[in-house]
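Each chain, written out:
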Amino acid sequence: MTTSDATTKIAKPKGRFRLPDPPEREPDDMTSAEHLSETGLHHHLKQFLGNPETTIVSGEKYVTARRGAEMRYPDLLVAFGVDPAAYRETNGYVVSEQSKPPDLVLEIASEGTGHIDVGEKREFYERLGIGEYWRFDATGEYHGARLAGDRLVNGRYEPIDVAEVSGGVLEGYSAALSLNWRWHDGRLGCLDPATGRHIATFESERDRADTAESRADAAEARVSELEEQLRRQGQ
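Here is a short report on the structure shown in this document. Given the structure is predicted, the values throughout are model-derived calculations rather than measurements.

Some thoughts on helix H2 (residues 41-49)
Since the α-helix packs 3.6 residues into each turn, any two residues three or four apart lie on the same face. All of the buried residues in H2 are Leu41, His44, Leu45 and Leu49. Around the axis of H2, the buried residues are gathered within 135° of arc, so they sit on the same side. Note on H2: the residue one or two positions beyond its end, Gly50, has a positive phi of about 65°.

Description of the pairing of strand E10 (residues 162-166)
Across a regular strand the side chains alternate sides, sitting on one face of the sheet and then on the other. Bridge analysis of E10 against strand E11 (residues 169-174) gives 4 bridges, and the strand direction is antiparallel. Within the sheet, the bridge partner assigned to Val162 lies in E11 and is Gly172. Where E10 hands over to E11, the hairpin turn is made up of 2 residues, of which Gly167 adopts a positive phi near 55°.

Some details on the sheet that holds strand E6 (residues 104-108)
Taken together, 6 strands build an open sheet; the order of strands is E1-E4-E6-E7-E8-E9 and the sheet is mixed. Of all the strands in the sheet, the pair left with one neighbour each is strand E1 (55-58) and strand E9 (156-159). Averaged over all adjacent pairs, the angle separating strand axes in this sheet is 15°, with direction ignored. Sheet topology places strand E8 (residues 147-153) next to E9; 4 bridges connect them, and they run antiparallel.

Some points on the sheet that holds E10
One open sheet accounts for 5 strands, arranged E10-E11-E12-E13-E14; its pairing is antiparallel. Whereas interior strands pair on both sides, the edge strands pair on one side only; in this sheet they are E10 and strand E14 (197-198).

Concerning the packing of aromatic side chains
All chains considered together, the criterion is met by 5 aromatic pairs. Pairing Tyr62 with Tyr73 gives two aromatic rings, centres 5.4 Å apart and planes at 90°, and the pair type is edge-to-face. A residue pair is termed long-range when its members are at least 10 positions apart, and Tyr62 in strand E2 (residues 62-64) and Tyr73 in the loop between strand E3 (71-72) and strand E4 (76-80) qualify at 11 residues. Of the two residues, Tyr62 and Tyr73, both sit in the buried class. The structure contains a cluster of three or more aromatic residues connected by ring pairs, namely Phe124, Tyr125, Tyr133 and Tyr157. Here the basic side chain of Arg135 rests over the ring of Tyr133, its NZ or CZ set 4.7 Å away from the ring centre.

Cut-offs and rules
Residues numbered from 1 in each chain as written. Predicted model: local features only at pLDDT ≥ 70, side-chain atom pairs only at ≥ 80, totals over all residues. Heavy atoms only, no water. Buried < 20%, exposed > 50% of the residue type's maximum accessible area, 1.4 Å probe, protein only. Helix = DSSP H or I, 4+ residues; strand = E, 2+ residues; numbered from the N terminus. Arc of directions from axis to C-beta. Pairing = 2+ DSSP bridges. Axes fitted to C-alpha atoms, helices over the stretch in contact; angles between N-to-C directions. Phe/Tyr/Trp six-rings, centres within 6.5 Å; stacked < 30°, edge-to-face > 60°. Lys NZ or Arg CZ within 6 Å of the ring centre and 35° of its normal.

Given below as structure tokens:
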């Protein structure tokens, strides 16, 4: 005896759990794009840290302890020794599924969210067990400090030293990244203390390319000048 297709029940495979997309930002809350995406800092930080198979450098996706728990979306999230593919498929970071909290998150201040960054979000990231929480404020008006960081010690956040190094430049060392976060003229940057140099940005890469082109043009002009001198001497 056979069963018709009309009465046969076939179990449908369940789709992978996915977190929702964060809400669309208001125009006055686009500071993260200004200081991370548009400068290329996000991209070049990912290149600098390397190991894309086990490292997540992302942002503006939800992070949560587990399915159905409270969620927040940081401007920047960094996690080592995790599964980037699962992060993409889940559309966010689920601590219980990655088996560890992120190593670092960073928030960029805006008028509408500054008070949340120093209050509710700080408490949330502390409860989640995120190793470092950094805050950048171009003006210092919304966070109460232009650059600030906390490091998790025995389950509680303790402030990270941020010092003025020269000319109003502020620096704080991130042990998670082995880099110095920098505030300079209202702009966010990263300096590699091992070399004393900034990691690249789109602007620095463009300046380097322009410098190389200028040197090439100068060298070409010098060659032409020498050729002309030789031509005259041979007349």
